[in-house]
Amino acid sequence: MAELPPDVFDTTTIISLVATVAIVLFAYGTSKAVLPPSTAAAPRFLFIWHLADALCHLILEGSFLYHCFFSYVVPRADTDVASLFPTPYNFLGRESKRIYGPQSGGGNPFARLWMVYARADKRWAGIDLGVVSLELLTVFFDGPVALYVCYLISRRSHKVYFWMIVLATAELYGGFMTFCPEWLTGNVNLDGSNFMYMWVYLVFFNCLWVIIPLYAMTYSYCQISNAFAAQVIKKRN
């Protein structure tokens, strides 16, 4: 595997990674403030995960959608268009030569954050209709549902198991539909040429949204099954 590129730990990359850690620490601190000290490890972990999940969806991925719909440039004659991720014809009903996405966000911190991730998956630099469609679902459905799950955990509501399964299913579906088009076309937009891009950006960050939703789904399934089993035993007695 190739050596790390010289800009792999530039200021934007470091700030992006620190921001991710800050989101997790905020979720952990909120769990300490909101949940009783007697809360078991599993629901506490799931609270932290779902709050961090919601913040990632609403803030980080929300910023991606913002740049997809509101940040654009009109390439000049001397612009190297080949270096930009193309905007689909008639995007937003416009037939102009506008180029949308974080690639057009200039010095905006969130645009620069996404351009760092786009080094590993260049679809996040501009407008890939599949990605944008999934992110609309992620931001406007997954994010609010994750917050609702946190509320239900804090209230110790039995409804939380249903909603965790719903959310986990959406997360797993979203992950599959994000990468399946790449698998079917030879990963033409992905760059796994070095450790950082392959194992940190593409594998680690994306596998989190596979492994933990599977755990949340399994945990909820067990809790629901145990509840029905206890109900059956109670009826027999």
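Bear in mind that the values here come from a model prediction, so they are computed numbers and not experimental data.

Caption draft 1: Seen up close, the packing of helix 2 (residues 41-70) against helix 4 (residues 129-154). Contact pair helix 2 / helix 4: the axes reach a minimum separation of 8 Å and the direction vectors enclose 150°. Between helix 2 and helix 4, the angle is such that the two are roughly antiparallel. The handedness of the crossing between helix 2 and helix 4 is left-handed.

Caption draft 2: Representation of unusual backbone geometry within the structure. Residue Leu 92 is not a glycine yet carries a positive backbone phi of 60°. Tracing the backbone shows Leu 92 in the loop between strand 1 (72-73) and strand 2 (99-100). Phi is positive for Arg 156, close to 55°, though the residue is something other than glycine. Examined against the element boundaries, Arg 156 turns out to sit in the loop between helix 4 and helix 5 (160-184).

Caption draft 3: A look at the packing of aromatic side chains. Per the stated rule, a full pass over the model turns up 20 aromatic pairs. Each ring, one from Phe 64 and one from Trp 124, has its centre 6.1 Å from the other, and the planes form 40°; the classification is tilted. Taken together, the residues Phe 64 in helix 2 and Trp 124 in the loop between helix 3 (109-117) and helix 4 connect sequence positions 60 residues apart. On the basis of relative accessibility, which here comes to 0%, the residue Phe 64 falls in the buried class. Taken together, a centroid distance of 5.2 Å and an interplanar angle of 35° make the contact between Tyr 66 and Phe 70 tilted.

Caption draft 4: Main features of the UniProt feature "transmembrane region" (unreviewed entry) in the chain. The feature "transmembrane region" (unreviewed entry), as given by UniProt, occupies residues 12-29, 41-60, 131-153, 160-184 and 196-216 in the numbering adopted here. Between the first and last C-alpha atoms of residues 131-153 the distance is 30 Å; the span itself is 100% helix and 0% strand. Between the end C-alpha atoms of residues 160-184 there is a gap of 36 Å, over a span that is 100% helix and 0% strand.

Caption draft 5: Examining helix 5 more closely. In this model, helix 5 (25 residues) spans 36 Å end to end at C-alpha, consistent with the 36 Å of a helix rising 1.5 Å per residue. Here helix 5 has its buried residues at Val 160, Met 164, Leu 167, Ala 168, Ala 170, Glu 171, Gly 174, Thr 178, Phe 179, Cys 180 and Glu 182. With its phi angle positive at about 75°, Gly 186 sits one or two positions after the end of helix 5.

Caption draft 6: Representation of the nonpolar core in the model. Counting 49 residues, the largest nonpolar core has Phe 64, Trp 114, Tyr 117, Ile 153, Met 164 and Tyr 201 as the members making the most contacts within it. Mapped by element, the contributors of at least two residues to this core are helix 1 (11-34), helix 2, helix 3, helix 4, helix 5 and helix 6 (195-236). Element by element, the count of residues in this core is highest for helix 2, at 14 residues. Once residues within four sequence positions are removed from consideration, Tyr 117 is found in contact with Trp 124, Phe 179, Tyr 201, Leu 202 and Asn 206.

Rules used throughout
- Residues numbered from 1 in each chain as written.
- Predicted model: local features only at pLDDT ≥ 70, side-chain atom pairs only at ≥ 80, totals over all residues.
- Heavy atoms only, no water.
- Axes fitted to C-alpha atoms, helices over the stretch in contact; angles between N-to-C directions.
- Helix = DSSP H or I, 4+ residues; strand = E, 2+ residues; numbered from the N terminus.
- Parallel < 35°, antiparallel > 145°, perpendicular 65-115°, else oblique.
- Left-handed = near helix turned anticlockwise from the far one by under 90°.
- Phe/Tyr/Trp six-rings, centres within 6.5 Å; stacked < 30°, edge-to-face > 60°.
- Buried < 20%, exposed > 50% of the residue type's maximum accessible area, 1.4 Å probe, protein only.
- UniProt positions renumbered as here; feature names shortened; annotations may be inferred.
- Expected span 1.5 Å × (residues − 1).
- Core = buried A, V, L, I, M, F, W, Y, C linked by side-chain atoms within 4.5 Å.
- Contact = heavy atoms within 4.5 Å.

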